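The chain contents come next:
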Amino acid sequence: MIEFKPIRLEDRATVERYTMPSAIVNCDLAFANMFCWQGVFRSAWAEVGGFLVIRFQIDGGTKIGYMQPVGPGDFTPILPLLREDAHAHGQRLRLIGLTDEGRDLIRSTAAGDFAFASDPAAEDYIYDADDLRQLPGRRFQPKRNHLNRFAAAHPDCRYEELTPDRFAACMALERAWRRTHEGHTAELCAEQRAMQLAFEHFEELGLRGGCLLADERLVAFTYGSAVNAQTFDIHVEKADPAYVRDGAFTAINKLFAEQLPARFTRINREEDLGIEGLRQAKRSYHPVLLQHKFAAIRLHPDEIDCKRLWLAAFGDEESFVDAFLVRHYSRRRMLTAACEGRTAAMLHLLPFATELGPATYIYGVATAPACRRRGLASQLLHEALRIVDERGETAFLIPTPGERHLRDFYARFGFEGDTPVHFRTADGFDFGTGDPTTDRAMIRPSARSSATSPIPETLTATYLSEQ
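This structure is a prediction, so every number in the text was calculated from the model and none was measured.

Undergrad: Just checking my understanding: could you explain unusual backbone geometry for this structure?
TA: The bulk of non-glycine residues show a negative phi, and the bulk of peptide bonds are trans. One non-glycine residue, Asp215, lies in the positive phi region at around 50°. Despite not being glycine, His286 shows a phi value in the positive range, around 60°. Locating His286 in the fold gives a position in the loop between α12 (276-283) and β13 (289-291).

Below is the structure:
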């Protein structure tokens, strides 16, 4: 079994012996991030077969994930060891933060054994450092206007290196900033704790930062550390809410970039967390790269059967099926039927909230082409509706557009209507047809809802991920 060790300050040199020469720019591999966020992620490290491996708790929960192994060459020979370690904890192997190259490497050596998905909210924004230092050309004219406005409004403003005598003021500013940001409370509290750790061990972690002063007060600060030899990562950037409209963020961003050593040719400003305002702000600086962070899970036999059948029945792209398997698949919610010793038909019972109350979306109804016309789909639908009726729920599904025989088939089970349906999901997964104008549901109301709740003109279906 692999001997993983908790992230300690004295481990920095060993960890960075792997990360500094690496081409990976993922902010999660900055040693300071690993150390300061260990209260959430419980990160641990090990050296395995010439690679650095980081194990952590995904989103601070109970699921274990492994970062892409860092080191020269092909890391796939150590995957069986990681799989054994995951199994020793009663879990499957989950790899998190894979680069495009890392994903392709696994695909080339373990085809069919893994499913991959990428979350846009977790992608790192990577910038040309000189772009942030100089703000050149017409595309950065709005940023230069912000700088001019800030200088005009605050002629006494000045930039200083962030030093320990400013740490208390930084924490006070962070508290003021946090009071203006509703939501994401747990994440912001965790960030505050990470900041405190960073300030307690600033020099030992190799951190460097800057602060902006105006009107004889601290109005913005930032700090970060190296991800690798050429890439600097911005861990934190905060500004006094009273100075944001004047351009405080633009000012601290540029002034700090100017002070970074020339060896840093790229700057990582981390992810946008799916927050639209943050996404717009990061895009406004014109990143040269969005660093994908793929998640990979090693598939169980039932998931492999699901993927094989899905691809044969629907012809969807493999990336779409993988995204479903990684984010939404549950063997407890899949019904299957066998033919000639293999899984030949399936459907999925997915939990949604609708205007009609709790509802089950009957999704991915598929039969292998060679096993059609044997009653397999009918068998599964009868069982699905028995389960739905026991729950007292409404059932709905979307027949394939243009397939009239499917509408006739589902009508025999009590489904009716042609109601436009609008899906709401936290991760943006498309549970519809790929074209929202053709997402039209047939509905089978529950006994309790049919008497009191008319079918809405449009069904709004919100995915319930934890049911």
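Undergrad: Where do I start with helix α4 (residues 79-88) in this structure?
TA: Residues spaced three or four apart along an α-helix face the same direction, because each turn holds 3.6 residues. All of the buried residues in α4 are Leu79, Leu82, Asp85 and Ala86. Along the axis of α4, the buried residues cluster in a sector spanning 120°; they form a single face. Set apart from the buried face of α4 by more than 90 degrees, the exposed residues are Glu84 and Ala88. Looking at the packing, one finds that the buried side of α4 touches β3 (51-57), β4 (64-67), β5 (94-98), α5 (100-109) and β6 (114-118). In the stretch just after α4, Gly90 is the one whose phi turns positive, near 70°.

Undergrad: What should I look at first to understand empty space enclosed by the protein in this one?
TA: To find leftover empty space, a probe the size of one water molecule is rolled over the atoms. Evaluation of the coordinates by the stated rule reveals 1 cavity of 30 Å³ or more. A volume near 40 Å³ is recorded for the largest cavity. Forming the boundary of the largest cavity are Leu132, Thr222, Ile234, Glu237, Ile252, Asn253, Phe256, Ala257, Ile267 and Arg269. Elements represented by at least two residues in the lining of the largest cavity include exactly β11 (231-239) and α11 (248-259). A total of 4 residues in the lining of the largest cavity trace back to one element, the largest contributor, which is α11. Of the residues contributing to the lining of the largest cavity, the split by class is 6 nonpolar, 2 polar and 2 charged.

Undergrad: Any chance you could explain the sheet that holds strand β14 (residues 294-298) here in plain terms?
TA: Across a sheet, strands are paired by hydrogen bonds formed along the backbone, either parallel or antiparallel in direction. Spatially, β1-β2-β3-β4-β5-β14-β6 is the arrangement adopted by the 7 strands of the open sheet, whose pairing is mixed. If you trace the sheet from one side to the other, it starts and ends with β1 (5-6) and β6, each paired once. Summarising the sheet, β1 and strand β2 (residues 44-48) pair through 2 bridges and their orientation is antiparallel. Looking at the pairing, Lys5 lines up with Trp45 of β2. Running over the sheet, α5 touches β5, β6 and β14 and is turned about 140° from β5.

Undergrad: Sorry if this is basic, but what is going on with the sheet that holds β13 here?
TA: Spatially, β8-β9-β10-β11-β12-β7-β13 is the arrangement adopted by the 7 strands of the open sheet, whose pairing is mixed. Edge positions in the sheet fall to β8 (158-161) and β13, since each of these pairs with one other strand and no more. Strand-to-strand twist across the sheet, computed as the mean angle between neighbouring axes with direction ignored, equals 30°. As defined by bridge partners, strand β9 (residues 208-214) adjoins strand β10 (residues 217-226) across 7 bridges and the pair is classed as antiparallel. Within β10, the position partnered with Leu213 by the bridge is Leu218.

Rules behind the numbers
- Residues numbered from 1 in each chain as written.
- Predicted model: local features only at pLDDT ≥ 70, side-chain atom pairs only at ≥ 80, totals over all residues.
- Heavy atoms only, no water.
- Helix = DSSP H or I, 4+ residues; strand = E, 2+ residues; numbered from the N terminus.
- Buried < 20%, exposed > 50% of the residue type's maximum accessible area, 1.4 Å probe, protein only.
- Arc of directions from axis to C-beta.
- Contact = heavy atoms within 4.5 Å.
- 1 Å grid on protein atoms, 1.4 Å probe; cavity = no way out; pocket = protein on both sides within 12 Å on 5 of 7 lines; lining within 4 Å.
- Points joined across faces, edges and corners; volume = space filled by probe spheres on them.
- Nonpolar A, V, L, I, M, F, W, Y, C, P; charged D, E, K, R; others polar.
- Pairing = 2+ DSSP bridges.
- Axes fitted to C-alpha atoms, helices over the stretch in contact; angles between N-to-C directions.

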